[in-house]
Amino acid sequence: MSPVRHAIVWGLAFALWAALPFAATRHVVDLLVFAGLYTIAGLGVAFLLGQCGIVSLAQSVFYGIGAYCAAWFCVQKGLPSPVGMAAGIVLSTSIAALVGWPILRLSGYFLALATLALGIIGQVLFLEWDGITGGTLGIGGIPRIAPFGFAFDTPLRFYFLVWPIALLLLALHHNLLHSRNGLALRAMRDSPEAAAVLGVDIHRLKVQMFVLSAALGSLAGALFAHYVTFVSVDSFAIDRSISFLLLAVLGGVYTVWGPALGALFITILPQWLSRLGDIHAFVFAAALIAAVILLPEGFGGAIRNWWRARAAK
Amino acid sequence: MTRIFVRVLFGLLLLASCQAFVAAQQPTSAPIKIGAVLSLTGPGAGLGGPERNGILLAEKRINERGGVRGRPLQILIEDDGSKPDIAKSKAEALIHGEKVVALLGPSLTASTGAVATVTNSLQMPELCMTGLGPAIESTYKSLFHMLPPQALNARAMLEYIAKGLKAKKLGVLHDSGYGQLVLTNIQNLNKEYGVEIVAAEKFEVGATDVSTQAAKVRAAEPDVVGVIATSPVPFRNARQVRIGQPIVSAVGSSSYEYVKGMGEFADDITFAEFIVAEDPLPHQKEFVDYFHKERGTLPKTYDAAGWDATHVLAQALEKAGPDAGGEAIAAAIRANRYRGVVAQYNFAAADMTGIELDSYTYSKLVKGQYTRLPFKAGK
Amino acid sequence: MSVSLLLQSVLSGLTNGFVYGLVGLGLAAIFRGTRIINAMQGDFALLGGITAALLLERLGWPMALAFACAVAVGGIAGWLMELLLIRPLRRRGGSEDSYLLLTLGVAFAVSAFVLYAVGRDSHSLPGLGGEGIVVIGDASIRTHAVWLIAISLATMAGLRLFFAKTALGLSMLAAALDAEGALTTGINVPLMRTLTFALGGLVGGLAGILVGPLVTVYFDMGLLLTLKGFAAAILGGLANPMGAIAGGVTLGLLESLAIVTVSSGYKDVIAMVILIVIMIVMPNGLLGRRLRKGG
């Protein structure tokens, strides 16, 4: 495709993205905001799985840490939102490094179980340390992100905050996939012994990726807190981790856009199905199963295969 | 001649007024939309389901009687899946999408926290099915609670423990969700009643067997054992490790399905709750009979809470007018010292329910049947 | 902490532990036969439990018949799942993660379906030996729990015998270890896979009717059971079903002892930390042989 056509396609896509929230109802824009948040958190799970072969069920912990830090620093301490966000990322990455170092020596299902164990530990601690987290009652009144007096307080405004961040991160994901580091990661995933022989420090690379994944989860959590303005333990349980894993695999873990597609599926579809009444949960599960069977490489994979098939003609 | 004329005129007048009367009874104009966000799936489904029953029944009854100012109520119910984020999304959809005039629910404290931030910023009246949550709620002007704060539930339990059973030592077996909330409040109040908490053992919601925790409670040799959970498992395990002491529990643990699950162990358990349908108080009888007639089963607290909430809202809409705007409707709710099935409400009170200790009805399970105790809390 | 409290915690831990182990047993059996982690193993238990509850409550069937039927339902569910869902995915080239996602989707579907069809109420099942308890010293354990332990051990021994001695069991193992080789010797590999899932379903259904009298059966019970069963199976070394029982008992005892020695609030934290330590220190699981690193 020529550069001009490229630019036109991208321009149109951008215009569509920018116009969408004005055309859609407020409720749909709200769902799109959540899709954006889940894209960021899900991206962390996706590249960890796709590039490193690591199944992580611990993302809900970092999501929660990001949210609670935002809540604590802004509500208890009255500091501006960037402080809370930064603190959350620092705390999450430190914990990821500290805990990741020993457990990333495991592999396969052991590692998956270890991340599950982390998820459960996080869930319990969020509940137990209710002096900081507010326990089941939660923390309310989290202030909006408001740089220079412009408050991101409606779904429309937040859409234009969260999606640029998500798209930027997806672009960086693209860079990662095509970089030397990306090659090293895939070498490590597919053939650890060969990678080791070639001088790749597998363990260190794994920890770095885990830390990066945690940072993304934390960022998503902080944004979540400032959007909903209320956080409680119910949002950071194991089923949240399962949702992130779900959207990562559904979207296609080997593709750049996968997380966004998966996130859209799990936020928009349930809403659309709720008009069916009490049976909507079952129909969603059935749709999920159908999506997995029909598109084993996820939405992103299916689109990429279709694109390649077209290009081959 | 004049007499016939007067009689005909009178007859016509009578006919016309009958017509108007009948027309007023049949609500024919545009329905008044009310939103409801309830937990119909997930762990909160045990609360949301009954609340929906009560709300739908109340809607039916109110519409049978002519609706509000001649207009029928239309209650749109959404499920928040027991998740606060979804509750907020659904609330926003109802408010901005369906343009409801008021909101009922949610069923869980965390969901209430999330939804209240929305309704408060819009001055929309919200009647939630939970007790007072985090402190920030007391600044909200249009939020009202249908159930008492956990502090009052704790107090009601302690009243019976200290004054009814004359106990000095309390052991508590509780779950990490609902149970923890109530326990925290018991821990704030027990000294006031001269009751010492000799054991407090926790288990996760949905645990298979809590005999170890129950045994720990038993080993502390309490006079009374408090079991607070949303499952029959701890009640069974407590009796199975041979805890012979009387068991006292809170309103959230009292439901017919839990009693069924307790099997033969549903005995000598006292609840500080609000309605004993087998032996209702006079002002509860109408609701109990209507519920039983329509559904074939007996109602419990959460069914009644849904019923009360809908009626409170209907009365406020009747008084202020459905198009009066959020603030006026909220003011009408606040001014109404409503005598509900659940309790005597006073929405102007600081805790936004105004329920007092004397609204509590104590029930005791005797061989699987609820009986009403004569014990009354408070002065 | 008194001896009787310690004893009670051991009994309680064993009860819970064998529940986890039984779920893990089914998981391990399916993994051994198909290399698939079945994220809906706990929901086989749900299906078994709810079938038994409905047959007993609504149709008034005798206990033995209802229980047998419930276990069969689990087996049928497993068989159908493999035939209708797993096979198509296999034909289209599913990766490990997509199988996991598929079984996760089925878990959601089963849970949602039970909620829709039966409602949110919880149902209780009668226990073997009714409500009787066995008293040991000052501690007690439900008679039903003793039956559960006995039946779990019997199932474990039975499975071991089945895979080691019977022609069918050996064929299933062969199909799992080397599909092409097994084909050449005339083993119907796809059928073996289906039977593996059916077997897992049977064990899951059995777990359901055994767990049902302890907890109550309700639409949301599957996930927690699956998580605990997963931990039990991994701990025991995934490919060894006997290990799943050992793993489950370890987990159950860890939790119980954590309650009495530290506190009930932190029991999961302690159990999970020790779990991680065990995995790091014993890379092949408690009983597993080295099949693939990390299970």
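Residues numbered from 1 in each chain as written. Chains lettered and ligands numbered in written order. Predicted model: local features only at pLDDT ≥ 70, side-chain atom pairs only at ≥ 80, totals over all residues. Heavy atoms only, no water.

Moving on to the sheet that holds strand 12 (residues 369–372) of chain B. The strands making up a sheet are joined through hydrogen bonds of the backbone, oriented either antiparallel or parallel. All names here are of chain B. Here we have 7 strands laid out as an open sheet, ordered 7-6-8-9-10-11-12, and mixed in their pairing. Since the sheet does not close on itself, it has two edges, and those belong to strand 7 (196–203) and strand 12, each with one partner. Going across the sheet, the axis of each strand differs from the next one's by a mean of 25 degrees, ignoring polarity. The strands touched by helix 7 (residues 211–219) are strand 6 (169–175), strand 7 and strand 8 (224–228); relative to strand 7, the strand with the most contacts, the crossing angle is about 175 degrees. (Pairing = 2+ DSSP bridges. Helix = DSSP H or I, 4+ residues; strand = E, 2+ residues; numbered from the N terminus. Axes fitted to C-alpha atoms, helices over the stretch in contact; angles between N-to-C directions. Contact = heavy atoms within 4.5 Å.)

Attention now goes to the pairing of strand 9 (residues 247–250) of chain B. Residue and element names in this part refer to chain B. Side chains of strand 9 alternate between two faces, with I247 and S249 and V248 and A250 buried alike. Examined bridge by bridge, strand 8 and strand 9 share 2 bridges and lie parallel to one another. Counted as the bridge partner of V225 is I247 from strand 9. Handedness of the strand 8-helix 8 (residues 233–240)-strand 9 crossover: right-handed. The pairing of strand 9 with strand 10 (residues 269–273) spans 4 bridges and is parallel. Each residue of the ladder has a partner; that of I247, found in strand 10, is I269. Note on the crossover from strand 9 through helix 9 (residues 256–262) to strand 10: the handedness is right-handed. (Buried < 20%, exposed > 50% of the residue type's maximum accessible area, 1.4 Å probe, protein only. Right-handed = clockwise from strand over helix to strand, strands pointing away.)

Given 3.6 residues per turn, any residue in an α-helix points the same way as the ones three and four places further on. Taking 1.5 Å per residue as the helical rise, helix 9 (residues 222–235) of chain C with its 14 residues ought to reach 20 Å, and the 20 Å between its terminal C-alpha atoms agrees with that figure. Most of helix 9 of chain C sits out of view: 12 of its 14 residues are buried. Inspection of helix 9 of chain C places G222, L225, T226, L227, K228, G229, F230, A231, A232, A233, I234 and L235 of chain C among the buried residues, and these make up the whole buried set. Packing partners of the buried residues in helix 9 of chain C comprise helix 5 (108–128) and helix 11 (238–251) of chain A together with helix 1 (3–34), helix 2 (41–57), helix 10 (241–261) and helix 11 (267–281) of chain C. Just downstream of helix 9 of chain C lies G237 of chain C, where phi reads positive at about 85 degrees. (Expected span 1.5 Å × (residues − 1).)

What follows concerns the interface of chain B and chain A. At the junction of the two partners, chain B supplies 24 residues and chain A supplies 27 residues. When the two sides are added together, the surface that chain B and chain A hide from each other amounts to roughly 2100 Å², 55% of it contributed by carbon and sulfur. Of all residues in chain B, the largest losses of buried area upon contact with chain A belong to D85, K88 and S89 of chain B, amounting jointly to 22% of the total for that side. Viewed at the interface, chain A and chain B are joined by 4 salt bridges. K83 of chain B is the partner of D239 of chain A in a salt bridge, and the nearest nitrogen-oxygen pair spans 2.7 Å. Taken together, the links from chain B to chain A amount to 8 residue pairs in polar contact (both at pLDDT 80 or more). Secondary structure elements with two or more residues in the side of chain B that touches chain A: helix 3 (84–97) and helix 4 (109–121) of chain B. The dominant element in the side of chain B that touches chain A, judged by the number of residues it contributes, is helix 3 of chain B, at 8 residues. Classifying every residue of the side of chain B that touches chain A by side-chain character gives 7 nonpolar, 9 polar and 8 charged. (Buried area = accessible area lost by both parts, 1.4 Å probe. Salt bridge = Lys/Arg side-chain N within 4 Å of Asp/Glu carboxyl O. Polar contact = N/O pair within 3.5 Å; in protein donor to acceptor, adjacent residues only side chain to side chain. Nonpolar A, V, L, I, M, F, W, Y, C, P; charged D, E, K, R; others polar.)

Let us now look at the layout of surface pockets. All names here are of chain A. Roughly 1500 Å³ of internal volume is contained in the second largest pocket. The wall of the second largest pocket is formed by 32 residues, among which W10, A13, V256, W257 and I303 lie closest to the centre. Mapped onto the lining of the second largest pocket, the elements with two or more residues apiece are helix 1 (3–23), helix 2 (26–52), helix 7 (155–177), helix 12 (258–273) and helix 14 (298–312). When residues in the lining of the second largest pocket are grouped by element, the largest group, 8 residues, is from helix 1. Of the residues assigned to the lining of the second largest pocket, the class counts are 23 nonpolar, 6 polar and 3 charged. (1 Å grid on protein atoms, 1.4 Å probe; cavity = no way out; pocket = protein on both sides within 12 Å on 5 of 7 lines; lining within 4 Å. Points joined across faces, edges and corners; volume = space filled by probe spheres on them.)

Moving on, we get to the packing of helix 13 (residues 280–294) of chain A against helix 3 (residues 63–91) of chain C. Their axes nearest at 8 Å, the elements helix 13 of chain A and helix 3 of chain C cross at an angle of 30 degrees. By the criterion of interaxial angle, the relationship of helix 13 of chain A to helix 3 of chain C is roughly parallel. Of the residues in helix 3 of chain C, those in contact with I289, V292 and I293 of chain A of helix 13 of chain A are L85, P88 and L89 of chain C. Looking at side-chain class alone, the contact of helix 13 of chain A with helix 3 of chain C contains 6 nonpolar, no polar and no charged residues. (Parallel < 35°, antiparallel > 145°, perpendicular 65-115°, else oblique.)

Turning our eyes to something else, we now look at the packing of helix 11 of chain A against helix 4 (residues 96–118) of chain C. Viewed as axis vectors pointing N to C, helix 11 of chain A and helix 4 of chain C meet at an angle of 125 degrees, and their least axial separation amounts to 10 Å. The orientation of helix 11 of chain A with respect to helix 4 of chain C, classified from their angle, is oblique. With respect to the hand of their crossing, helix 11 of chain A and helix 4 of chain C are arranged in left-handed fashion. Contacts between helix 11 of chain A and helix 4 of chain C involve I242, L245, L246, V249 and L250 of chain A on the former and, on the latter, D97, S98, L100, L101, L104 and F108 of chain C. Here the contact of helix 11 of chain A with helix 4 of chain C is built from residues that sort into 9 nonpolar, 1 polar and 1 charged. (Left-handed = near helix turned anticlockwise from the far one by under 90°.)

All names here are of chain B. Strands sit in the order 2-1-3-4-5 across an open sheet of 5 strands; the sheet is parallel. Both outer strands of the open sheet, strand 2 (73–79) and strand 5 (143–145), are each paired with one neighbouring strand and no more. Where strand 1 (residues 32–38) and strand 2 come together, 7 bridges link them in parallel fashion. What sits directly across from G35, in strand 2, is L76.

Contact residues are listed per partner, giving 37 residues for chain A and 47 residues for chain C. When the two sides are added together, the surface that chain A and chain C hide from each other amounts to roughly 3700 Å², 82% of it contributed by carbon and sulfur. Elements that contribute at least two residues to the side of chain A that touches chain C include exactly helix 4 (81–103), helix 5, helix 11 and helix 13 of chain A. With 12 residues, the single largest contributor to the side of chain A that touches chain C is helix 5 of chain A. When its residues are assigned to classes, the side of chain A that touches chain C shows 32 nonpolar, 2 polar and 3 charged.

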